Amino acid sequence: MADSGRVKQVSPSGSPHSGRKKTQQSPGSRTKYQVNAPGHCFRKVTLTKPTFCHHCSDFIWGLVGFLCEVCNFMSHEKCLKHVRTVCSCVTPTLVRVPVAHCFGPAGQKKRFCCVCRKHLEGSSALRCEVCELHVHSDCAPFSCSDCRLCHQDGTQDYDTHHHHWREGNMASGSRCEVCRRTCGSSDVLSGMRCEWCGITAHASCYVTVRLECGMGRLHNMILQPGCVRICSRNFSKMHLFRISENSQCELDNLDDVDSPTPVAAKDNQSSTPTDTGKQTLKVFDGDDAVKRNQFRLVSIPRITRNEEVVEAALRAFYLPDEPQDYELQVHGQQPALLSDDIINRNGTPDDKSTFKDYTPDSWLLRAKPRDSDVLKIYAGWLKLGYVSITVGHESTVDQIIKEVLTQLGKKDENHENFNLVEVFMSSKQVQRQVLTGLELLLGKLQEIRKVSLRQMNQTRFYIEENRNRVVQVNLLLGGLPAQLSKEEYAELLHRHLEIKSGKKDGDHLVTITHVYSTQGAVALQISCFSEAERIFMLAKDSSIDGKQLTSLVIPQIMTSVLPKGGCPLLVYVNPKSGGLKGREILYNFRKILNPHQVFELTNGGPLGGLHTFREVPRFRVLVCGGDGTVGWVLGVLEAIRHKLVCPEPAIGIIPLGTGNDLARVLRWGAGYSGEDPHSILLSLDEAEEVEMDRWTILLDAQEMTEDGKENGFLEPPKIVHMNNYFGLGIDAELSLDFHHAREEEPGKFNSRFHNKGVYVKVGLQKLSHTRNLHKDIKLQVDKQDVELPNIEGLIFLNIPSWGSGADLWGSDSDSRYGKTRIDDGMLEVVGVTGVVHMGQVQGGLRSGIRIAQGAYIRITVTKPIPVQVDGEPWIQSPGQIIISAAGPKVRMLRKCKSKQKKQPSGSQKEDRSESPAPSEGGH
């Protein structure tokens with residue numbers, strides 16, 4: 001390889017074992033079968049249970065199959081010559097741009113491990129939050145950094161965007177893009193799927209698919225990787241994608257090879273039962289594994305050749321190298337204690353050296369000392385091409401760079417303008433190190449192998465041009481006191497976070513670029529990596545005035561390269577809504593879209609997403625949560641819309657709450673029940689835009705004395721915004737009792753069925769109570785006094801849905817009132833006489849008592865009374881309450897009727913015709 005003067009390409013058609021000499025097999029050993037796909041080491045096995053072929057997915061009839069001893073790939077004999085799927089041990093050679101994974105606990109669906117290909121079971125299963133990588137926890141360290149490329153890191157530029165293929169774990173009915181035959185399977189890890197556009201293909205067909213990816217049907221709403229830039233350096237992927245750390249508990253030590261429990265039996269198991277002629281060895285792959293007491297178990301016959309033991313150890317660590325280059329050393333004993341017949345050596349066929357049944361059970365796998373080594377150096381981040389350089393004891397980094405430049409046809413280039421970069425592609429983090437010019441490379445390679453052979457297999461070397469990189473890290477700090485000036489925020493950060501106003505190369509180290517005083521948040525631009533990391537970590541552990549600060553790394557969306565006509569989607573998910581469904585939706589949208597456009601509302605609220613999209617000329621918003629979550633997002637949007645290039649983005653809903661009245665009116669359904677997320681996004685892309693009123697409620701709390709005169713303010717005026725409805729009396733009292741019950745035992749309120757059951761129970765407890773609400777309040781509608789009937793609850797409606805889909809206003813025509821619409825600038829005022837009346841309304845037997853319609857409401861409350869706004873209840877003190885329009889209407893997305901599934905008869909009220917016509921700009 002060293003004599004080649006051309007850039008070589010990594011091809012899946014060439015095996016690293018292709019040059020291996022066939023050695024004489026010891027008694028009891030099996031013939032190895034070679035195939036065209038690299039890395040595999042097949043042997044014939046006897047099948048004792050139903051088994052499927054991993055190549056064609058068909059059942060293997062008979063008792064004979066062919067099993068890869070490294071990755072457990074199973075094949076028919078007839079399929080062996082057609083296998084193109086690479087073995088797990090050579091996966092690092094196929095990585096284009098190293099990107100670390102974000103591991104979290106796996107879901108409930110049946111999945112297969114992408115490393116050992118076996119079924120995932122139990123709590124040890126993990127999945128990447130960004131791509132379809134599913135692994136066992138002890139297999140994760142042997143996966144490499146081959147996650148999706150979702151942004152440009154620093155100054156790296158990627159001209160084209162290629163498919164990102166992942167094997168298996170797709171729908172069993174998936175069809176191949178090339179031959180149109182079924183390529184998915186629920187029985188084995190089989191078939192290939194692009195993580196961006198979603199096309200599927202057979203492992204033998206996908207290589208013929210065009211390299212460039214068009215992002216598929218959702219290309220208009222995907223935030224494409226070439227449009228996003230972020231300076232990451234040592235920020236973890238969890239921080240870059242704002243993935244909540246509480247879901248990553250007990251995963252911090254994932255990169256530590258594997259647990260000291262005997263986990264490797266899974267990797268080396270065959271289809272034959274264990275017999276007494278076997279012995280099990282503990283094998284360590286380097287000093288780091290010894291220090292951590294982390295080993296792999298290798299099962300071998302009691303009498304076997306040394307080379308076969310070494311080969312079995314290499315297979316256990318997913319190393320594709322030749323056994324002649326390695327040896328086993330006894331761990332914890334002096335080599336002198338060994339007799340010649342069990343000292344590991346690679347002997348000739350006449351050599352009788354063997355492992356016998358009194359062999360020590362703990363061994364250390366070591367690379368043999370070498371006078372020279374062949375180093376593969378990659379010429380670019382998006383290229384799989386490399387040049388091979390022979391490295392000797394005296395070879396320095398500078399000498400290697402000169403030789404590489406010569407082979408690349410750049411002999412006249414100054415080698416000082418280039419760097420040699422060592423990249424460790426571990427599963428959780430990509431570590432880069434620029435090597436110094438006088439460093440001896442052979443010693444560097446030997447040191448890495450001594451620490452960990454696995455690490456050496458996942459280490460790659462790049463040559464790149466030495467350019468001055470502009471450091472620009474953007475952080476959003478939240479949880480600060482509201483309504484302060486820029487100078488006051490600067491002083492606050494200086495005092496609590498010790499942020500300095502120094503300069504680096506003429507630029508300020510830390511600059512406050514945006515101030516969101518209503519939200520108590522500021523955006524920082526930092527020109528020093530170490531300072532950015534310090535501020536980020538310190539802010540996450542700090543609090544001001546008893547309020548915990550939040551810290552988010554914000555990507556830069558380069559609007560100049562956004563696709564023409566594109567409308568990226570900003571997704572908010574409240575994982576606390578809908579029980580476990582919120583967590584699963586969060587994962588699905590991170591996987592389907594770019595994770596940089598998906599935000600978890602429990603991690604900094606809605607501001608982070610709107611700040612990220614502040615310069616995008618056109619975008620839409622999807623809110624996954626209940627009506628309260630939608631109101632939260634709308635409130636923040638209203639507060640900062642003047643700072644957005646697109647001040648009125650249209651908003652769609654995936655209903656995860658209990659009532660979901662707004663989602664019902666907009667045809668998104670009564671609640672999410674596991675629909676396909678891709679289909680939901682298609683419906684969202686085709687949805688029509690409608691306008692909806694929002695209302696401001698001014699709560700001017702005043703205490704009334706005995707003589708009826710005002711006695712000053714108890715508290716400052718309170719302003720809240722209302723989207724759905726505002727209730728006083730019995731309706732709000734039930735909501736308040738439900739709210740208290742949920743606060744006492746929040747863990748029980750994880751399903752809509754249970755929530756509604758508690759609500760019914762609370763209502764039954766109120767049956768015997770008597771009230772006279774109409775005597776405690778006075779009502780004015782459009783400056784006209786309105787006499788109230790004998791009621792116990794007063795409700796102001798903005799949408800024609802209340803209490804989980806009930807039609808409180810009713811559909812009967814009445815000449816006194818106009819037709820209800822969500823964009824007519826009018827509120828409907830309705831009364832209920834008690835709990836029984838409310839139950840009849842929700843059962844569809846009655847409607848409420850129509851009282852008035854108007855655009856300006858004034859309510860005088862003479863004593864403390866329960867109130868609720870969009871399901872958020874509290875006790876309101878006596879005083880004045882004023883309801884008026886909240887300024888510009890908001891744009892909402894309503895699902896098209898043609899895409900709506902047929903609903904049961906009991907839910908037809910969700911599809912009423914009272915909703916407004918689509919606005920002009922709708923699709």
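Because the structure is a prediction, the values reported are computed rather than measured.

**Q** I'd like a rundown of the overall build of the chain, residues and numbers included.
**A** Along the backbone of the chain there are 18 helices and 52 strands. By the burial criterion, 55% of the 923 residues in the chain qualify as buried. Excluding contacts between residues fewer than 6 apart, the proportion of contacts in the chain whose partners are at least 24 apart in sequence is 71%. When the accessible surface of the chain is totalled, it reaches about 41,000 Å², and 49% of it is carbon and sulfur.

**Q** Lay out the pattern of salt bridges in plain terms, naming residues and giving numbers.
**A** Scanning the entire structure with this criterion turns up 34 salt bridges. Residue E177 pairs with R180 through a salt bridge whose shortest N-O separation is 3.8 Å. When its relative accessible area of 42% is taken as the criterion, E177 is described as partly exposed. Note that R292 and D288 form a salt bridge whose closest N and O atoms lie 3.2 Å from each other. Here R292 pairs with D288, and both are found in helix α3 (residues 287-292), just four residues apart, close to one helical turn. Take R292: its relative accessible area is 37%, and that puts it in the partly exposed class. What makes D288 partly exposed here is its relative accessible area of 23%. Taken together, the shared-partner salt bridges connect R43, E69, E311 and R315 into one network.

**Q** I'd like a description of the pairing of strand β51 (residues 879-885), backed by residues and values.
**A** Of all the seven residues making up β51, five are buried; the element is thus mostly covered by neighbouring parts of the structure. In terms of strand pairing, strand β48 (residues 857-861) meets β51 through five bridges, oriented antiparallel. The partner of R858 across the bridge, within β51, is I882.

**Q** I'd like a rundown of the sheet that holds strand β6 (residues 103-105), residues and numbers included.
**A** Pairing is antiparallel in the open sheet, where three strands are placed in the order β6-β7-β8. In this open sheet, the two edge strands, each paired with only one partner strand, are β6 and β8 (134-136). The sheet shows a mean angle of 40° between the axes of neighbouring strands, direction not considered. Pairing of β6 with strand β7 (residues 125-128), which is carried by three bridges, proceeds in the antiparallel orientation. Looking at the pairing, F103 lines up with C128 of β7. Against the sheet, helix α10 (residues 581-592) engages β6, β7 and β8, with an angle of about 50° to β7.

**Q** Tell me about the environment of C197, residues and numbers included.
**A** On the secondary structure map, C197 appears in the loop between β11 (192-194) and β12 (200-201). In the structure, C197 is positioned 16 residues away from C213 in sequence and 6.8 Å away in space, judged by C-alpha atoms. Dropping the residues within four chain positions of it, C197 is found in contact with H163, C213, M215 and G216.

**Q** Would you mind going over the confidence of the model for the chain in detail, with residue names and values included?
**A** Here the chain shows a mean pLDDT of 80. Residues at 70 or above account for 79%. Looking at the elements of the chain, mean pLDDT is at its lowest for helix α2 (residues 265-268), recorded as 40, and at its highest for strand β34 (residues 569-573), recorded as 96. Within the model, the stretch residues 703-714 combines pLDDT values under 50 with 16 contacts to residues more than four positions away or in other chains. Low confidence marks residues 899-923, where pLDDT is under 50. Its contacts with residues over four positions away, or in another chain, come to 54 contacts.

**Q** Now, about the packing of aromatic side chains: what can you tell me, with residues and values included?
**A** The description of an aromatic ring pair rests on the distance of the ring centres and on the angle between the ring planes. Scanning the model with the defined rule gives 14 aromatic pairs in all. Ring centres of F52 and F59 lie 5.5 Å apart, and the angle between their planes is 80°; on these two criteria the pair is classed as edge-to-face. Plain terms: the ring middles of F726 and F796 are 5.9 Å apart, the flat faces sit at 20° to each other, and that makes the pair stacked. With F726 in strand β42 (residues 725-729) and F796 in strand β45 (residues 793-797), this residue pair connects regions lying 70 residues apart in the sequence.

**Q** Account for helix α12 (residues 627-640), naming residues and giving values.
**A** With 14 residues, α12 should reach 20 Å at 1.5 Å per residue; the first-to-last C-alpha distance of 20 Å fits that figure. Burial of α12 is extensive: 10 of the 14 residues sit out of reach of the surface. Those residues of α12 lying buried are D627, T629, V630, G631, V633, L634, V636, L637, E638 and I640.

**Q** Could you give an account of the environment of C41, with specific residues and numbers?
**A** Within the secondary structure, C41 is located in the loop between β2 (32-33) and β3 (42-46). Of the residues examined, C41 reaches a relative accessible area of 5% and is grouped as buried.

**Q** Describe the nonpolar core, listing the residues and the values that go with them.
**A** Burial of nonpolar side chains together is a common tendency in soluble globular proteins. With 136 residues, the main nonpolar core has L365, F589 and M892 as its most contacted residues. With residues up to four places along the chain from it excluded, the contact list for M892 reads V630, I651, I653, L662, L666, E688, E689, V690 and M692.

**Q** Residues and numbers for unusual backbone geometry, please.
**A** Positive phi values are uncommon outside glycine, yet Q483 reaches one of about 60°. With respect to the helices, strands and loops of the structure, Q483 is situated in the loop between β25 (473-478) and α8 (486-497). Even without being a glycine, N660 presents a positive backbone phi close to 55°. By the secondary structure assignment, N660 is in the loop between β37 (651-655) and α13 (661-665).

**Q** Please set out α8 residue by residue, giving values where relevant.
**A** Across its 12 residues, α8 extends 16 Å between first and last C-alpha, which sits within 8% of the 16 Å expected from 1.5 Å per residue. For α8, every residue scored as buried is listed here: Y489, L492, L493 and L497. Along the long axis of α8, the arc covered by the buried residues comes to 95°, so they all point the same way. Buried residues belonging to α8 abut β25, β28 (510-516), β29 (521-526), α9 (529-540) and β30 (543-544). At the exit of α8 stands E498, carrying a positive phi of roughly 55°.

**Q** Got a sec to walk through the sheet that holds strand β33 (residues 556-557)? Specific residues and values, please.
**A** The sheet built from three strands is open, its strands ordered β9-β13-β33 with mixed pairing. Two strands bound the open sheet, and with one partner strand each, they are β9 (152-153) and β33. Where strand β13 (residues 228-230) lies against β33, two bridges are found, and the strand directions are antiparallel. What sits directly across from R229, in β33, is Q556.

**Q** Give a detailed account of the packing of α10 against helix α14 (residues 677-685), specifying residues and quantitative values.
**A** One way to put it is that α10 packs onto α14 with a least axis distance of 10 Å and a crossing angle of 70°. One element, α10, and the other, α14, form an angle in the roughly perpendicular class. The handedness of the crossing between α10 and α14 is right-handed. In this structure, α10 uses N588, F589 and I592 to contact α14, whose residues at the interface are P677, H678 and L681. Grouping the amino acids of the contact of α10 with α14 by side-chain chemistry returns four nonpolar, two polar and no charged.

**Q** Kindly report on the side chain of S232, identifying the contributing residues and their values.
**A** Assignment of secondary structure puts S232 in the loop between β13 and α1 (237-240). Judged by relative accessible area, S232 falls into the buried class, the value being 6%. Excluding anything up to four places from it in sequence, S232 contacts D153, L240 and F529.

**Q** How would you explain the state of the cysteines if you had to name every residue and give the values?
**A** Per the counting criterion, the structure on display carries zero disulfides. The thiol sulfur of C128 is not disulfide-bonded, and the nearest other cysteine sulfur, from C147, lies at 3.7 Å. Overall, C128 belongs to the buried group, its relative accessible area being 0%.

**Q** Describe in detail the environment of F536, supporting the description with residues and values.
**A** Inspection of the secondary structure assignment puts F536 in helix α9. Placed 301 residues apart in sequence, F536 and F235 show a C-alpha to C-alpha distance of 9.5 Å. Once residues lying within four places of it in the same chain are set aside, the contact partners of F536 are F235, H239, L475, S551, L552 and V553.

**Q** I'd like a description of the side chain of Q880, backed by residues and values.
**A** Turning to its location among the elements, Q880 is positioned in strand β51. One polar contact links Q880 to R858, side chain to side chain, over a distance of 3.4 Å. Among the polar contacts made by the side chain of Q880, one reaches the side chain of T860 at a distance of 3.3 Å. Non-local contacts of Q880, meaning those with residues more than four positions away in its chain, are made with L698, L699, D700, R858, I859 and T860.

Parameters and conventions
- Residues numbered from 1 in each chain as written.
- Predicted model: local features only at pLDDT ≥ 70, side-chain atom pairs only at ≥ 80, totals over all residues.
- Heavy atoms only, no water.
- Helix = DSSP H or I, 4+ residues; strand = E, 2+ residues; numbered from the N terminus.
- Buried < 20%, exposed > 50% of the residue type's maximum accessible area, 1.4 Å probe, protein only.
- Contact = heavy atoms within 4.5 Å.
- Areas by Shrake-Rupley, 256 points an atom, 1.4 Å probe, with all protein chains shown as cover.
- Salt bridge = Lys/Arg side-chain N within 4 Å of Asp/Glu carboxyl O.
- Pairing = 2+ DSSP bridges.
- Axes fitted to C-alpha atoms, helices over the stretch in contact; angles between N-to-C directions.
- pLDDT = per-residue confidence, 0-100.
- Phe/Tyr/Trp six-rings, centres within 6.5 Å; stacked < 30°, edge-to-face > 60°.
- Expected span 1.5 Å × (residues − 1).
- Core = buried A, V, L, I, M, F, W, Y, C linked by side-chain atoms within 4.5 Å.
- Arc of directions from axis to C-beta.
- Parallel < 35°, antiparallel > 145°, perpendicular 65-115°, else oblique.
- Left-handed = near helix turned anticlockwise from the far one by under 90°.
- Nonpolar A, V, L, I, M, F, W, Y, C, P; charged D, E, K, R; others polar.
- Disulfide = S-S within 2.5 Å.
- Polar contact = N/O pair within 3.5 Å; in protein donor to acceptor, adjacent residues only side chain to side chain.

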